[in-house]
Amino acid sequence: MSILPLVFTSGWASGINAYAVVLLLGVFGATGISDEVPASLQRTDVMVVAGVLFLIEAVSDKIPYVDSLWDSVHTVVRPVAGAVVGALLAGQSGSLPELAAGAVGGSTALLSHLVKAGTRMAVNTSPEPFSNIVLSTAEDLGVAGIVSFAMFHPVAAASIAGALLLAGLVLLVLLAARIRRFRRRRARRREDKRLMGTGGPAPR
């Protein structure tokens, strides 16, 4: 079960930025920093694609409303990435069944993704863009820091990731009212666009 803390941490991080996780793990494996990274993640083509997608996400994630659209698209991508990375890590170590590791990585990624997406909905209720930039940068640095820390201290990193996940879920509950306002505002914008496209409401 020694790989479980790393699977949990990578799952949590994948829910926030799956491409950064794949890229970081690939780099750590390719440079010999860790021997627990499977060869499939160390492939040059995998790291290049992950790097390009990471750069795209780094920009999209800092633009109000675009970040929420990006999160919507990645509701499936991030949990799947967390599950795949977890299964690959388990297959490399042989200390945990791959199916169990995939379930842990995928479910953890889904929870952290919901926290990220919900928090962005709440932040987007504010008209200024700076909070998006600050939050996105903090997420990128947090993922990089904790995944790197997990390479050397997996249990401690998993404890930090678990605490952050729990805190995020509590925050999400507290921000539920702002999230509902965001959804209502988005629904009104869609209705306004529809009315503009049809020339306005029909005369009574």
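None of these values were measured; they are calculated from a predicted model. (Residues numbered from 1 in each chain as written. Predicted model: local features only at pLDDT ≥ 70, side-chain atom pairs only at ≥ 80, totals over all residues. Heavy atoms only, no water.)

**Student:** Account for helix 7 (residues 154-174), with residues named and values stated.
**Tutor:** A turn of α-helix holds 3.6 residues, and therefore any two residues three or four places apart point the same way. Its 21 residues give helix 7 an end-to-end C-alpha distance of 30 Å, which sits within 8% of 30 Å, the value for a rise of 1.5 Å per residue. Listing the buried residues of helix 7 in full gives Ala157, Ala158, Ala161, Leu165, Gly168 and Leu172. The buried residues of helix 7 occupy an angular sector of 95° when projected down its axis, which confines them to one face. Seen from the open side of helix 7, the exposed residues pointing more than 90 degrees away from its buried face are Val155, Leu166, Val173 and Leu174. At its buried positions, helix 7 is contacted by helix 1 (4-30), helix 5 (98-123), helix 6 (130-152) and helix 8 (176-197). (Helix = DSSP H or I, 4+ residues; strand = E, 2+ residues; numbered from the N terminus. Expected span 1.5 Å × (residues − 1). Buried < 20%, exposed > 50% of the residue type's maximum accessible area, 1.4 Å probe, protein only. Arc of directions from axis to C-beta. Contact = heavy atoms within 4.5 Å.)

**Student:** I'd like a description of the side chain of histidine 74, backed by residues and values.
**Tutor:** Structurally, histidine 74 is set in helix 4 (residues 66-93). Engagement of the side chain of histidine 74 in a polar contact is seen with the side chain of tyrosine 19, the distance being 2.8 Å. Not counting chain neighbours up to four residues away, the residues in contact with histidine 74 comprise Tyr19, Glu57, Pro79 and His113. (Polar contact = N/O pair within 3.5 Å; in protein donor to acceptor, adjacent residues only side chain to side chain.)

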